Amino acid sequence: MRHLISPLDFTVEELDKLLNLAGDIEKNPQKYKECCKGKKLATLFYEPSTRTRLSFEAAMLNLGGSVLGFSEASSSSASKGESVSDTIRIISCYADICAMRHPKEGAALVAAKKSGIPVINAGDGGHQHPTQTLTDLMTIRTLKGRLDNITIGLCGDLKFGRTVHSLINALLRYDNVKFVLISPAELKVPGYIIENIKEAGAQYEEVSRLEDVIGGLDLLYMTRVQRERFFNEEDYIRLKDSFILDKKKLKSAKDDMLILHPLPRVNEIAVEVDDDPRAVYFKQAQFGVYVRMALILTLLEVEV
Amino acid sequence: MRHLISPLDFTVEELDKLLNLAGDIEKNPQKYKECCKGKKLATLFYEPSTRTRLSFEAAMLNLGGSVLGFSEASSSSASKGESVSDTIRIISCYADICAMRHPKEGAALVAAKKSGIPVINAGDGGHQHPTQTLTDLMTIRTLKGRLDNITIGLCGDLKFGRTVHSLINALLRYDNVKFVLISPAELKVPGYIIENIKEAGAQYEEVSRLEDVIGGLDLLYMTRVQRERFFNEEDYIRLKDSFILDKKKLKSAKDDMLILHPLPRVNEIAVEVDDDPRAVYFKQAQFGVYVRMALILTLLEVEV
Amino acid sequence: MRHLISPLDFTVEELDKLLNLAGDIEKNPQKYKECCKGKKLATLFYEPSTRTRLSFEAAMLNLGGSVLGFSEASSSSASKGESVSDTIRIISCYADICAMRHPKEGAALVAAKKSGIPVINAGDGGHQHPTQTLTDLMTIRTLKGRLDNITIGLCGDLKFGRTVHSLINALLRYDNVKFVLISPAELKVPGYIIENIKEAGAQYEEVSRLEDVIGGLDLLYMTRVQRERFFNEEDYIRLKDSFILDKKKLKSAKDDMLILHPLPRVNEIAVEVDDDPRAVYFKQAQFGVYVRMALILTLLEVEV
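Fair warning: this is a prediction, and the values are worked out from it, not measured in the lab.

## Side note on the overall build of chain A
Inference 1: Counting its regular elements, chain A contains 11 helices and nine strands.
Inference 2: What you see for chain A is a C-alpha radius of gyration of 19 Å, in line with the 19 Å of a compact globule of 304 residues.
Inference 3: Within chain A, the fraction of its 304 residues that count as buried is 62%.
Inference 4: Long-range contacts, defined here as pairs at least 24 residues apart, represent 73% of the contacts in chain A between residues at least 6 apart.
Inference 5: Total accessible area on chain A stands at roughly 11700 Å², and carbon and sulfur atoms take up 47% of it.
Inference 6: Averaging the coordinates of the 40 positive side-chain charges in chain A and doing the same for the 42 negative ones gives two points 3 Å apart.

Following this line, the structure appears as C-alpha cells:
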C-alpha cells in the first residue's frame, strides 16, 4: 500500500504519470465520474483548512465517491486523548483512503505506519504539504508546457513558507531550473534549502526587491509576508511594498510570465492584477482538484 | 448566469413558475431524484444556521447531487483574512452552485459579482433571507390556494425581523393583500416598509394586541419577541403575553386561519397549539425543502 | 415506527435477527451497497463524538445512502433556544432516519415521541449508548461463537462507565454468563446493577486486582480509569497499574481470551498488546459499522 507523505515520495517518472492522469481528467472529466463509486474518503483535519479540505472533497465527489470526516480537532476523539495511531486504525474501518491535516510535524507519517488505508498528508505543521506542491507542478507543466528550463522567482516569506521549500525541492529534480529568491533579509530561504540547491548544481540568486528581477522571470510564485514575522515595525513598513505585486511592477515582466500563489492571499497581490492573463492563481485551485483526483485514483489503484 | 440575492430578484411570473415546480416536486419527488446527479452544492455558512443549511443539503441530496462546505467561519479561510471575493472564486472550482450565509449585509451580492457559479443568499446579516420568503410564499399558496386577496397578521418583533420585511415586500406584488401589523410600540415595522405598503396602495393597520385582531385574519405569521430588544424590563413583562399565541387566543380565530412561523420558536407559540390543524409551521419546513429543490434546478437550468 | 433508545429495546429474538443480518453484511457487503439509495441519515450530535458519528456515517454510505447533520451543539439551532422536540420535527422533513447524541439523559426518548422518522440514541449523557452495546454483542458472538456460557471480566471504571452497565444488562438475558467485576473500591458497579445480576440469578464476583482473576476469563472488557474519578491522588497512584493491561498480565490469560475495549483508550491497554491476536478492540470498530448498517436497515424496514 502506498501513501503520500512527502512531495518527493513519487519518483520523477511516477510524478509524470500522475500529472498525465491529472491532465486527462481535466480534458475528460466525464470519463472519471464513477471511478470511485462506493469508495469513501475520510478528511481528518486536526486544524481547519477549508480550501484544502474542500479541494479533497470535491475531488472525491467528482470521482463518484463519498466523504466523511471532521474539520477541526475539537470535534475529534483527539480531545479525549486518543493517539493518531489509534485514530487511523479506527478510520481504516470507516473509509478507503484518508487525507490528514495535523498541526504536528510527522503526524501523517506516524498515521501511515499503522494505517490500513492510504494516507495523504494534507499538511503537517510547518513541514510538508505535498498536494500543494503537486498542484503547483501541474499548473506550471500545463500552462508553461514544461518543468525544466525555467527561471522561477519565489517572493515573500521564504523562511517559514513550507510550500516554497517543497516546490524548490521538487523542481530541483528537473534540468536547468534557476531560482530567484526574493525576500526581506529576515525571511530568507533557510540554509538547508540553499544546500539542496547547491548540491543539485542549480543556479540561484537571493535578492530583496521584486522590481529588480521581475523582468527575467518565467514564473513568479508569490507568498504572503506576515507582519508578525518581522523583528520590528519599521522594517515591516519599509519593506512590505517591495513584496506586493501590482500592475506597475508587472509592466516590467515578460508577456508570458505566470503568476502563481498557493492562496489564500491577503494583500500581497493587488486585486487589480486578477484580470491580467498572466495571473493564474485561481486556475491553480482548479488544477488542485484534478491533481487530487489523480492522486486518489493512483493510491487506490483504480483502473480507469 | 442567475443568482438569488434578494427575494424580489424573480418577477411575479418567474416566481409563479418556481412555485409550480416546487409544487410538482412535492407531488412527484421520485421524478426529480437523479436530476442533479454529479452536481455539487457548496454550503458556505460564515455563521451557524443548522436549519437553513440542512434544508439546502436535504434539497440537493433529494435531487441526487452531493454537498460540501463549512458550517461556521472558524473553520473557513476567512479566519486567515481571505476576502469573500477570493473565496467564491475558489469555491467556483469546487462546486456547481452555492448557498452562502454571512453576518455582513451584502456579502452574497459581493460574492455573486466574482462567482463562476450561481450564488444563493442564505441570509446576509439583518438584510435578506430570500429562501425563507420563498418558503413562506409556497406555504401560503399551497395551503391557502392563493397569494392575493388575503388578510395577513404579522406578529412579534416587526422591527428587526428580516423575514417579516421580506414577506411584506413580496406580498405587495399581489392584489388586495391587507397587512395587520401586531407588535409592541418599540418593535414596530420600520418606516421604509410602511412607505412601501403605502406606495403599493395596500391596506394596513398597526396594533399592539393580538387578541383584538386575530378574528379577522386569514393568516397569522408569528415571530419571536426577544427580551433584549425592549428598552426596559417592565415593558417586556407587561407586553410579552400579548405576543404569545395560545389555545385561548386561537378560539377567536377563523377555522381556516393558517399559523406560520419561520422557526426556531422559543415560547411565542405555546406547545399546546402544535396539534391544532391550523398550525402549519412544521409543514413550512417541509415546503422549504421543495422550494429549495426548485430553486437549485432553476438556477442550474436543469431540464427535467 | 420503531426507534432504538435503550439496549434492551430489542427482544433476544429481535437481537438475534439483527446480529444475523450484521453477520451477513460482514460476509457480503456488496449485496447491501445500494439498499439505502436515496435515503438520508441525519447525525444530530449535540456533543462531539467523532468515532460514533463517523461509524454511523460510514454505515449509511456503505448502504448507498447519504448523510447530513451537525457535529456539535454550537452550530445547531439549540444555541437559539430551540427544543429537541421542535428540532426533531424539522429534521423529520430533511431525513429518513436519525442518530442523536445529546449530553442530557432522556433526550433521545423525548425526540422519539415527536419524531416522524426512526431515532437512534447515539448516547444520552451517562445513560445509554445502545449501539455500543450492539457492537460489543456482535464482537463477542462473532469471535467467540456464543453469547451464553461465558465468563466475562469487566475492568476499570465500573461506576460511571455506561457501556459496562449496558453490556451487563444485555448479557443477563443469556444463560450462564458469569461476571468478574474488576475495579478500585471507589469505582465499583452501582448497587442497582448488582441487583439486576442477582435477580437474573447470574454469578458474579467483585475484585480489585486484574492479575488475580485474568486466568479464568473468556473475555476481558477493558475501560478507562480516569484520574479525576479518584478521591485522592495516593489511591490513584497506588491502584492505577492494577487496571492497566500489559503483556506481563496477559501471560496468565487463556489462549483464546478476547480483549475488548469501547475506545478511545488512553493508556489502560499498553500499546505492546495491540499485536496480540487476542486483542480485538480494533476489530470491534469494524463490527460497529456492520451492526449499525443492520440497525439502519431494520429500522427503515428495508427489504434486501
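## Brief notes about the packing of aromatic side chains
Inference 1: For the structure on display, the rule yields six aromatic pairs over all chains.
Inference 2: Sitting over the ring of Phe56(A), Arg292(A) keeps its end group 4.9 Å from the ring centre.

## Regarding the interface of chain A and chain C
Inference 1: Between chain A and chain C, the residue contacts involve 21 residues of the former and 25 residues of the latter.
Inference 2: Taken together, the two surfaces of chain A and chain C that pack against each other cover about 2000 Å², and 52% of this comes from carbon and sulfur.
Inference 3: Across the pair Glu82(A) and Arg51(C) runs a salt bridge whose closest N-O atoms are separated by 2.2 Å.
Inference 4: The set of elements that each furnish at least two residues to the side of chain A that touches chain C consists of strand E2 (66-70) and helix H3 (84-94) of chain A.
Inference 5: The greatest single-element share of the side of chain A that touches chain C, amounting to six residues, is contributed by H3(A).

## Quick word on the interface of chain A and chain B
Inference 1: On the chain B side, the residues contacting the 25 residues of chain A number 21 residues.
Inference 2: In this assembly, chain A packs against chain B so that about 2000 Å² is buried in total across both faces, 52% of it on carbon and sulfur atoms.
Inference 3: Considering only the surface of chain A that becomes buried against chain B, Arg51(A), Leu54(A) and Phe282(A) emerge as the three largest contributors, covering 25% of it.
Inference 4: Here chain A and chain B share four salt bridges between them.
Inference 5: For Asp86(B), the salt bridge identified is with Arg265(A), shortest N-O distance 2.6 Å.
Inference 6: Our enumeration of links across chain A and chain B arrives at six residue pairs in polar contact (both at pLDDT 80 or more).
Inference 7: Counting only elements with at least two residues in the side of chain A that touches chain B, the list comes to helix H2 (50-62) and helix H11 (281-299) of chain A.
Inference 8: Among the elements that make up the side of chain A that touches chain B, the one with the highest residue count is H2(A) (nine residues).
Inference 9: Taken together, the residues that form the side of chain A that touches chain B break down as 10 nonpolar, six polar and nine charged.

## Remarks on the sheet that holds strand E8 (residues 219-222) of chain B
Residues and elements named next belong to chain B.
Inference 1: The strand order across the open sheet formed by five strands is E7-E6-E5-E8-E9, and the pairing between neighbours is parallel. The two strands at the open ends of the sheet, each matched to only one other strand, are strand E7 (203-207) and strand E9 (258-260). Strand-to-strand, the axes of this sheet are offset by a mean angle of 15 degrees, without reference to chain direction.
Inference 2: Most of the contacts of helix H6 (residues 162-171) go to strand E5 (residues 150-155), to which it runs at about 165 degrees, and overall it touches E5, strand E6 (177-182) and E8.

## Describing the UniProt feature "binding site: carbamoyl phosphate" (unreviewed entry) in chain A
Inference 1: UniProt annotation of "binding site: carbamoyl phosphate" (unreviewed entry) refers to Arg51(A), Thr52(A), Arg101(A), His129(A), Gln132(A), Leu263(A) and Pro264(A) when read in the numbering used here.
Inference 2: Within the secondary structure layout, His129(A) lies in the loop between strand E4 (119-124) and helix H5 (130-144).
Inference 3: Owing to a relative accessible area of 5%, His129(A) belongs among the buried residues under this scheme.
Inference 4: In this structure, His129(A) is in contact with Thr52(A), Arg101(A), Ala122(A), Gly123(A), Arg162(A), Thr163(A), Ser166(A) and Arg292(A), ignoring residues within four places of it in sequence.
Inference 5: Within the secondary structure layout, Leu263(A) lies in the loop between strand E9 (258-260) and H11.
Inference 6: Since its relative accessible area comes to 12%, Leu263(A) is described here as buried.
Inference 7: Setting aside residues up to four positions removed in sequence, Leu263(A) forms contacts with Arg51(A), Tyr281(A), Phe282(A) and Ile90(B).

## Some points on the nonpolar core
Inference 1: Among the nonpolar cores identified, the biggest contains 112 residues, and Leu154(C), Ile168(C), Phe179(C), Ile182(C), Leu220(C), Leu245(C) and Ile259(C) are the most heavily contacted of them.
Inference 2: When residues in this core are grouped by element, the largest group, 13 residues, is from helix H11 (residues 281-299) of chain C.
Inference 3: For Ile259(C), the contacting residues outside a window of four places in its chain are Leu220(C), Met222(C), Leu245(C), Leu250(C), Ile269(C), Val273(C), Arg278(C), Ala279(C), Val280(C) and Tyr281(C).
Inference 4: Ranked by size, the runner-up nonpolar core spans 111 residues in total, among them Val164(B), Ile214(B), Leu217(B) and Leu220(B).

## Digging into the relation of the copies chain A and chain B
Inference 1: In the superposition of chain A on chain B (RMSD 0.0 Å, axial shift 0.0 Å), the rotation amounts to 120 degrees. Taken together, the rotation and translation describe the operation of a three-fold axis. Of every C-alpha in chain A, the one belonging to Ser66(A) sits nearest the axis of rotation, 4.9 Å from it.
Inference 2: Of the interface residues in chain A, just 4% have counterparts in chain B that sit at the interface too, so the contact is made through distinct surfaces.

## Regarding the pattern of salt bridges
Inference 1: The tally for this structure, following the rule as stated, stands at 51 salt bridges over all chains.
Inference 2: Lys31(B) is paired through a salt bridge with Asp24(B); the nearest N and O atoms lie 2.6 Å apart.
Inference 3: Asp24(B) gets classed as partly exposed once you look at its relative accessible area, which sits at 22%.
Inference 4: In this structure, Arg89(C) engages Asp274(B) in a salt bridge whose closest nitrogen and oxygen atoms are separated by 3.1 Å. Of the two residues, Arg89(C) is situated in helix H3 (residues 84-94) and Asp274(B) in the loop between E9 and helix H11 (281-299); the pairing between them involves two chains.

## Examining the domain arrangement of chain A
Residue and element names in this part refer to chain A.
Inference 1: Entries for chain A in the domain assignment read domain 1 (33-128) and domain 2 (131-284).
Inference 2: Counting from both sides, the interface comprises 10 residues of domain 1 and, opposite them, six residues of domain 2.
Inference 3: Buried surface at the junction of domain 1 and domain 2, summed over both partners, amounts to about 560 Å²; 42% is from carbon and sulfur atoms.
Inference 4: Summed over the three residues of domain 1 that lose the most area to domain 2, namely Arg51, Gly126 and Gln128, the buried surface amounts to 54% of that side.
Inference 5: Taken together, domain 1 and domain 2 are joined by zero salt bridges.

## Description of the packing of helix H5 (residues 130-144) of chain B against H11(B)
All names here are of chain B.
Inference 1: Between H5 and H11, the least distance of the axes is 8 Å, while the angle of their chain directions is 115 degrees. As summarised for this structure, H5 and H11 are arranged roughly perpendicular, according to the angle between their axes. Remark: the crossing between H5 and H11 carries right-handed chirality. Two secondary-structure elements touch here, H5 through Thr131, Gln132, Leu134, Thr135, Asp136, Met138, Thr139, Thr142 and Leu143 and H11 through Lys283, Gln284, Phe287, Gly288, Tyr290, Val291, Arg292 and Leu295.

## What to know about the UniProt feature "binding site: L-aspartate" (unreviewed entry) in chain A
Residue and element names in this part refer to chain A.
Inference 1: When the UniProt feature table is mapped onto this chain, "binding site: L-aspartate" (unreviewed entry) is found at Lys80, Arg162 and Arg224.
Inference 2: Looking at the secondary structure, you find Arg162 in helix H6 (residues 162-171).
Inference 3: Within the local environment of Arg162, its side chain forms a polar contact with the backbone oxygen of Gly125, the two atoms lying 2.3 Å apart.
Inference 4: Along the polypeptide, Arg224 turns up in the loop between strand E8 (219-222) and helix H9 (233-239).
Inference 5: On the basis of relative accessibility, which here comes to 26%, the residue Arg224 falls in the partly exposed class.

## Things to note about the sheet that holds strand E1 (residues 40-45) of chain C
Residues and elements named next belong to chain C.
Inference 1: The strand order across the open sheet formed by four strands is E2-E1-E3-E4, and the pairing between neighbours is parallel. Edge positions in the sheet fall to strand E2 (66-70) and strand E4 (119-124), since each of these pairs with one other strand and no more. Each strand axis lies, on average, 15 degrees off the axis of its neighbour in the sheet, ignoring direction.
Inference 2: Relative to strand E3 (residues 97-102), E1 runs parallel, the two sharing five bridges.

About the criteria used
Residues numbered from 1 in each chain as written. Chains lettered and ligands numbered in written order. Predicted model: local features only at pLDDT ≥ 70, side-chain atom pairs only at ≥ 80, totals over all residues. Heavy atoms only, no water. Helix = DSSP H or I, 4+ residues; strand = E, 2+ residues; numbered from the N terminus. Rg over C-alpha atoms; globule rule 2.2 N^0.38 Å. Buried < 20%, exposed > 50% of the residue type's maximum accessible area, 1.4 Å probe, protein only. Contact = heavy atoms within 4.5 Å. Areas by Shrake-Rupley, 256 points an atom, 1.4 Å probe, with all protein chains shown as cover. Lys, Arg positive; Asp, Glu negative; His and termini not counted. Charge placed at Lys NZ, Arg CZ, Asp CG, Glu CD. Phe/Tyr/Trp six-rings, centres within 6.5 Å; stacked < 30°, edge-to-face > 60°. Lys NZ or Arg CZ within 6 Å of the ring centre and 35° of its normal. Buried area = accessible area lost by both parts, 1.4 Å probe. Salt bridge = Lys/Arg side-chain N within 4 Å of Asp/Glu carboxyl O. Polar contact = N/O pair within 3.5 Å; in protein donor to acceptor, adjacent residues only side chain to side chain. Nonpolar A, V, L, I, M, F, W, Y, C, P; charged D, E, K, R; others polar. Pairing = 2+ DSSP bridges. Axes fitted to C-alpha atoms, helices over the stretch in contact; angles between N-to-C directions. UniProt positions renumbered as here; feature names shortened; annotations may be inferred. Core = buried A, V, L, I, M, F, W, Y, C linked by side-chain atoms within 4.5 Å. Least-squares fit on C-alpha atoms with pLDDT ≥ 70 in both. Domains from an automatic or database assignment. Parallel < 35°, antiparallel > 145°, perpendicular 65-115°, else oblique. Left-handed = near helix turned anticlockwise from the far one by under 90°.

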